[in-house]
Amino acid sequence: MPEMDIITSLKQMQEYVLKRRGAGRTIALVPTMGFLHEGHAALLREGRKRADILILTIFINPTQFGIGEDLGKYPRNMERDKVIALDAGVDIIFAPTASEMYPEGYQTYVNLDELSHPLCGTGRPGHFRGVATVVSKLFNILQPNVAFFGEKDYQQLAIIRRLTADLNIPVEIVGMPTVRESDGLAMSSRNSYLSAEERTAALCLSRALSLAADCYRSGELSVQVLRDKVMKLLDNEAYAAVEYVELCDRETLESVEQASDETLMALAVRIGKTRLIDNMILGKGFPCKERC
Ligand code: PAF
C-alpha cells in the first residue's frame, strides 16, 4: 500500500520541504480547495510526472470569498479527496487551518494593479487579492519547482503567472486544459450545487462558447456580433442570469473590438444561485459543436 501523509501544521510542512529541497529533490504543487474532480486529477497526474515529490494542498481560502458568497457551504469530502490523491500518486496533502494561514494580526496581501480588475474582478471585488495572497503564501511555504492550475479559471492563471514573474518567485507555472463532462459542461466543484434542471441549463455556457467558436471559424470577426449571438443564446435559458460575456486579449485581458486567434472569450453566468464560469481562446476552437 503506497504511503500518503496529511500534514496540517505549517511548521511541520516547512521542515518537510526544507529537508527534501536540501537533498536536491524537486517538488510539484497542485493547490486546490478540495472536493476534487477529474480536472484536479489531471493536474495531479501531470504533477506526478514532473517532479520527485507531489504535494496537493486542500485549503478553502477565506480571503478569496466575498460577503454573501459560498465560503460556509463550499463542498468538502476529505475521504473522497484522499482516494483521488492516492490514486494520482500524491505524496503529501497539506491541509492547513485558516488560523494557521491567517493568524491574529495578519495584514499582508498581494494585489495586482490591472489583471485583477476586469472579468471576475468586477463582480467579485477582493477575490483575486485573496487568491494572489494565498498562492504566494503556498509558494513560500512549499517552495515548489513547478505548480499546476486549470485553464477554466483563466484569469486566476494569468494572475498567478504575472505575480510569479513580478515577485521573482522561482516556480514554473503550468496551465492545463479545462476538463469537461461528456456533454460539454466544464468540471467544477461548484457543479455539485446544481439541481437536475439547473445541471441541464448549465450547458448553455459551453453551448455559448461553441456557438462563438463556430461563428468565428465561419469568418465573423466583430466582437459586437459574436457577443450578441452569445447573449441571445444565454437569454433564452430561463435559469441563466448573465454576469458577463467578454472578449479580450488573452495576455492583458483588455477588451478588444475585433476578434482574432489571440482573443479570449470568457463568461460568468448564474444558474439559479450557482455562479459558473467558462472560457475559450478563439484560435484554439472549442471541443463541442454548435451551429452558427
Ligand atoms: O482554484 C482554486 O481552487 C483556488 O482559487 C486556489 C488556486 C487553490 C487558491 O485558493
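What you see is a predicted model; the values in this text were computed from it and never measured.

Engineer: Just checking my understanding: could you explain the overall build of the protein for this structure?
Structural biologist: Scanning the protein from N- to C-terminus turns up ten helices and nine strands. Rg of the C-alpha trace for the protein: 19 Å, near the compact-globule value of 19 Å for 292 residues, within the 12% margin. With the principal axes as the frame, the protein shows a C-alpha extent of 55 × 40 × 40 Å. Counting every position in the protein, which comprises 292 residues, the buried fraction comes to 52%. Expressed as a percentage of contacts within the protein between residues at least 6 apart in sequence, the contacts between residues at least 24 apart total 73%. For the protein, the accessible area works out to roughly 14000 Å², and carbon and sulfur atoms hold 48% of it. Considering the protein, the positive charge centre built from 34 side chains and the negative charge centre built from 39 side chains are found 3 Å apart.

Engineer: Looking at this structure, I do not really get the site of the ligand. What am I missing?
Structural biologist: If you check the shell around the ligand, you find Pro31, Thr32, Met33, Asn61, Gln64, Val134 and Gln156 and nothing else. Contact distances for the ligand include 2.6 Å between an oxygen atom and a side-chain N or O atom of Gln64. Notes on the ligand: free accessible area 290 Å², of which the protein chains cover 89%. For the shell around the ligand, the per-class residue count stands at three nonpolar, four polar and no charged.

Engineer: How should the sheet that holds strand E7 (residues 240-249) be read in this particular structure?
Structural biologist: Paired through backbone hydrogen bonds, the strands of a sheet run either parallel or antiparallel to each other. Pairing is antiparallel in the open sheet, where three strands are placed in the order E7-E8-E9. With one partner strand each, in any of the chains shown, E7 and strand E9 (274-281) form the two edges of the open sheet. Between one strand and the next, the sheet's axes are offset by a mean angle of 15°, whatever the strand orientation. The sheet contact formed by strand E8 (residues 263-271) and E9 spans eight bridges and is antiparallel. The residue of E9 that forms the bridge with Met265 is Met280.

Engineer: Just checking my understanding: could you explain the side chain of Asp278 for this structure?
Structural biologist: Within the fold, Asp278 resides in strand E9. Here Asp278 is in contact with Arg180, Ala186, Leu205, Ser206, Leu209, Met265, Ala266 and Leu267, once residues within four sequence places are set aside.

Engineer: For this particular structure, what's the right way to read the pairing of strand E6 (residues 172-176)?
Structural biologist: The side chains of a regular strand alternate, first on one face of the sheet and then on the other. For strand E5 (residues 146-150) and E6, the ladder comprises five bridges, and the chain directions are parallel. Its bridge partner lying in E6, Phe148 is registered against Val174.

The rules behind each value
- Residues numbered from 1 in each chain as written.
- Predicted model: local features only at pLDDT ≥ 70, side-chain atom pairs only at ≥ 80, totals over all residues.
- Heavy atoms only, no water.
- Helix = DSSP H or I, 4+ residues; strand = E, 2+ residues; numbered from the N terminus.
- Rg over C-alpha atoms; globule rule 2.2 N^0.38 Å.
- Buried < 20%, exposed > 50% of the residue type's maximum accessible area, 1.4 Å probe, protein only.
- Contact = heavy atoms within 4.5 Å.
- Areas by Shrake-Rupley, 256 points an atom, 1.4 Å probe, with all protein chains shown as cover.
- Lys, Arg positive; Asp, Glu negative; His and termini not counted.
- Charge placed at Lys NZ, Arg CZ, Asp CG, Glu CD.
- Near = heavy atom within 4 Å.
- Polar contact = N/O pair within 3.5 Å; in protein donor to acceptor, adjacent residues only side chain to side chain.
- Nonpolar A, V, L, I, M, F, W, Y, C, P; charged D, E, K, R; others polar.
- Pairing = 2+ DSSP bridges.
- Axes fitted to C-alpha atoms, helices over the stretch in contact; angles between N-to-C directions.

Remember, this is a structural readout, not a statement about activity or role.
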